[in-house]
Every structure is written in structure tokens, then in C-alpha cells.
Amino acid sequence: MTTVARLVLGGVLIAAGALKIGNPADSVVAVKAYQLLPESIAVAVGYALPILEIVVGVLLVVGLLTRVAAVIAALLMFAFVFGIGWAWAKGLRIDCGCFGGGGQLGAGQEPTYLLDIVRDFGLVLLGAWAARFPPGRFALDGALGLGGDTHEEDEGDD
């Protein structure tokens, strides 16, 4: 189960980062649209976010520093849940920018806040799972002796 959790979460992060990294200006627009951060911080976050998503996603997929990457991923997803909830509560009409794009919605477009929150909260849970349990049998952590037990079913066996 941990292998599945880290592959799904890592894959989502890689996809999200890859869709943003080619056009960082759109990522900056998406972060600014939430109206949560001061301008200079929003710009820095907009540029750094795709890189962070890709790096953490790759670490999860290959199973290297899995627990640290899972905690970072879960916190990142929780921040997204918070941000989307904030936008919804403030009455903002924005695209989450989760997979590129972002910013104000056009005429006739409706926000998908509930769907975005449910998806991202599910990803928070996957991150928590991957942080809590050994990284699984197909993780580099096990091969390098970094992750303790590599098999979930072996936990507690001596």
C-alpha cells in the first residue's frame, strides 16, 4: 500500500510541476490569485513551486528519503487545501492552478473548489500514509539502508 501511495502522490506532483515549469509566469499568476501572500513572496513561491513539486515527486517515485518527501508532500497538499478553502471562503472566482494555468476564471466558468479540496485532501492522506509506514519493497531507501524495514508486512517481525 505504501508503494502505491508514494507512486500516486509522486506522480501527481511530477505532473503538476511539469505542467507549470514551462511557463512559470502562469504559476506566479495562480499563486497571486489566492491573495494570501505579499507580492514578493507570491512571486518567489510561484517560481519555486513547480521545482519543489517535481523534486519531491521524483523522491517519492524512486523511494529516496521517502518519509521526508512524504511529509513535505503532505504539508504541500495541506497548504493547497487551505488555499483553496481560503479562496472559496473569500468568494474569489479562481482556477486553483493545480495543473498549470490558474488565475481569475473567465465568464461562464465556475470554480471547482469542493472537488479540488477533496482531491488534495486525499493526497494529504497518501502523504501521511507514506510518512508513517516503511517505504515498500521497491524503494531506494531499502536498497540503501535508509528506510528501516522495506516491507510493511515485516513491521514488528524480528
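Everything here concerns the structure above.
Rules of the game
- For every chain, the first residue of the written sequence is number 1, and numbering continues from 1 onward in sequence order.
- Local features in this predicted model are restricted to residues whose pLDDT is 70 or higher, and side-chain atom pairs enter the listing and the counts only when it is 80 or higher, whereas totals over whole chains, interfaces and linings include all residues.
- The basis for the side-chain values is all heavy atoms of the structure; hydrogens and waters are excluded.
- Only DSSP runs of H or I covering at least 4 residues are called helices, and only runs of E covering at least 2 are called strands; the numbering of each starts at the N terminus.
- Axis definition: a line fitted to C-alpha atoms, over the contacting stretch in the case of helices. Angles run 0 to 180 degrees between N-to-C directions.
- For classification, angles of less than 35 degrees are called roughly parallel, those exceeding 145 degrees roughly antiparallel, those between 65 and 115 degrees roughly perpendicular, and all remaining angles oblique.
- Here a crossing is taken to be left-handed if its near helix is turned anticlockwise relative to the far helix by less than a right angle, and right-handed if that turn runs clockwise.
- Whether two residues are in contact is decided by their heavy atoms, any of which lying within 4.5 Å being enough.
- When a residue's accessible area, from a 1.4 Å probe over protein chains only, is under 20% of the maximum for its type it is buried; when over 50% it is exposed; and in between it is partly exposed.

Caption draft 1: Summary view of unusual backbone geometry. In the Ramachandran plot, Gln35 falls in the positive-phi region, its phi being about 55° despite a non-glycine side chain. As for its placement among the helices and strands, Gln35 is situated in the loop between helix H2 (24-33) and helix H3 (39-62).

Caption draft 2: How the structure looks around the packing of helix H1 (residues 2-21) against helix H5 (residues 113-132). Contact geometry for H1 and H5: axes closest at 9 Å, N-to-C directions at 130°. As judged from the angle between their axes, H1 and H5 are oblique. Considering the relative orientation of H1 and H5, their crossing is left-handed. For the pair H1 and H5, contact is made by Thr2, Ala5, Arg6, Val8, Leu9 and Val12 and by Leu123, Leu126, Gly127, Trp129 and Ala130, respectively.

Caption draft 3: Spatial organisation of the environment of Gly101. Along the chain, the position of Gly101 falls in the loop between strand S1 (94-95) and strand S2 (103-104). Residue classification places Gly101 among the partly exposed positions, given a relative accessible area of 34%. Counting along the chain gives 40 residues from Gly101 to Val61, while the straight-line C-alpha distance between them is 25 Å. Residues in contact with Gly101, not counting those within four places in the same chain, are Asp26 and Ala30.

Caption draft 4: Spotlight on H2. Among all positions of H2, only Ser27, Val28, Ala30, Val31 and Ala33 are buried. Where H2 is buried, its residues contact H1, H3, S1 and S2. One or two residues past the end of H2 sits Gln35, with phi positive at roughly 55°.

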